[in-house]
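# Topology and contacts: notes
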Amino acid sequence: MDQQSFTVQLLSSGKMLYRISCALLRSEEDRKDALQETALKAWTHRDQLREEQYFKTWISRILINECRQICRETARMIPVEEIHESTEQVSDGQETELRCLLENLPERLRVPIVLHYLEGFTLEEIAQVQHLTVSMVKYLMYQARKRLRVELDGKDGANQ
């Protein structure tokens, strides 16, 4: 893959990669770090990409791994700024509620949902990205939807 085609593919995947990082990381600085490190690792290892048509799934896998690494490194740290931000953000009702529900899902269930419904990945692509079988992806998505349904039904019942 030459520099120009790599750059074009990376730039066209930018918004998708950012949204995936938002689903996995809470801090904007961590998201930026993950995106930058993903671009660097992808460029460094671009010779490992066998077919350019799989660039999207390949770079998504790199990003997910990078986000997981950042989560492991920052697992026990909670910046003071983040505590204040989270208490101040109470606007955008349904979007905020959906984001909270997604954040409460375990990563193993959250990633397939985000990739499929928000990024438009097929089940086969998700299976490739996560190194799972398609049937396991279906099962994880079923479990995630089931948990979300329980949460939503519980909140609806509380509001009535």
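Residues numbered from 1 in each chain as written. Predicted model: local features only at pLDDT ≥ 70, side-chain atom pairs only at ≥ 80, totals over all residues. Heavy atoms only, no water.

## A word on the nonpolar core
Counting 33 residues, the largest nonpolar core has Ile20, Leu24, Trp58, Ile64 and Leu115 as the members making the most contacts within it. When contributions to this core are tallied by element, the ones reaching two or more residues are helix H2 (14-24), helix H3 (28-44), helix H4 (55-73), helix H6 (93-104), helix H7 (107-118), helix H8 (123-130) and helix H9 (134-159). What Trp58 contacts, discounting residues up to four positions off in sequence, is Ala42, His45, Arg46 and Leu49. (Core = buried A, V, L, I, M, F, W, Y, C linked by side-chain atoms within 4.5 Å. Buried < 20%, exposed > 50% of the residue type's maximum accessible area, 1.4 Å probe, protein only. Helix = DSSP H or I, 4+ residues; strand = E, 2+ residues; numbered from the N terminus. Contact = heavy atoms within 4.5 Å.)

## Focus: the packing of H2 against H7
Close contact between H2 and H7 brings their axes to 10 Å; oriented N to C, the two are set at 150°. The angle between the axes of H2 and H7 places the two elements in the roughly antiparallel class. Crossing angle aside, the handedness with which H2 passes H7 is right-handed. Along the contact surface, H2 presents Arg19, Ile20, Ala23 and Leu24, while H7 presents Glu107, Arg110, Val111, Val114, Leu115 and Leu118. For the contact of H2 with H7, a count of residues per class yields 7 nonpolar, no polar and 3 charged. (Axes fitted to C-alpha atoms, helices over the stretch in contact; angles between N-to-C directions. Parallel < 35°, antiparallel > 145°, perpendicular 65-115°, else oblique. Left-handed = near helix turned anticlockwise from the far one by under 90°. Nonpolar A, V, L, I, M, F, W, Y, C, P; charged D, E, K, R; others polar.)

## Quick word on the pattern of salt bridges
All told, the structure shown has 4 salt bridges when counted by the stated rule. Across the salt bridge formed by Glu119 and Arg19, the nearest N and O atoms sit 2.6 Å from each other. In this pair, Glu119 is assigned in the loop between H7 and H8 and Arg19 in helix H2, connecting sequence segments 100 residues apart. Residue class for Glu119 comes out buried when judged on its relative accessible area of 11%. A salt bridge links Glu28 to Arg31; the shortest N-O distance between them is 3.0 Å. (Salt bridge = Lys/Arg side-chain N within 4 Å of Asp/Glu carboxyl O.)

## Digging into unusual backbone geometry
The phi torsion at His131 lies on the positive side, around 55°, for a residue other than glycine. Relative to the helices and strands, His131 resides in the loop between H8 and H9. Note on His131: relative accessible area 63%, which makes it exposed.

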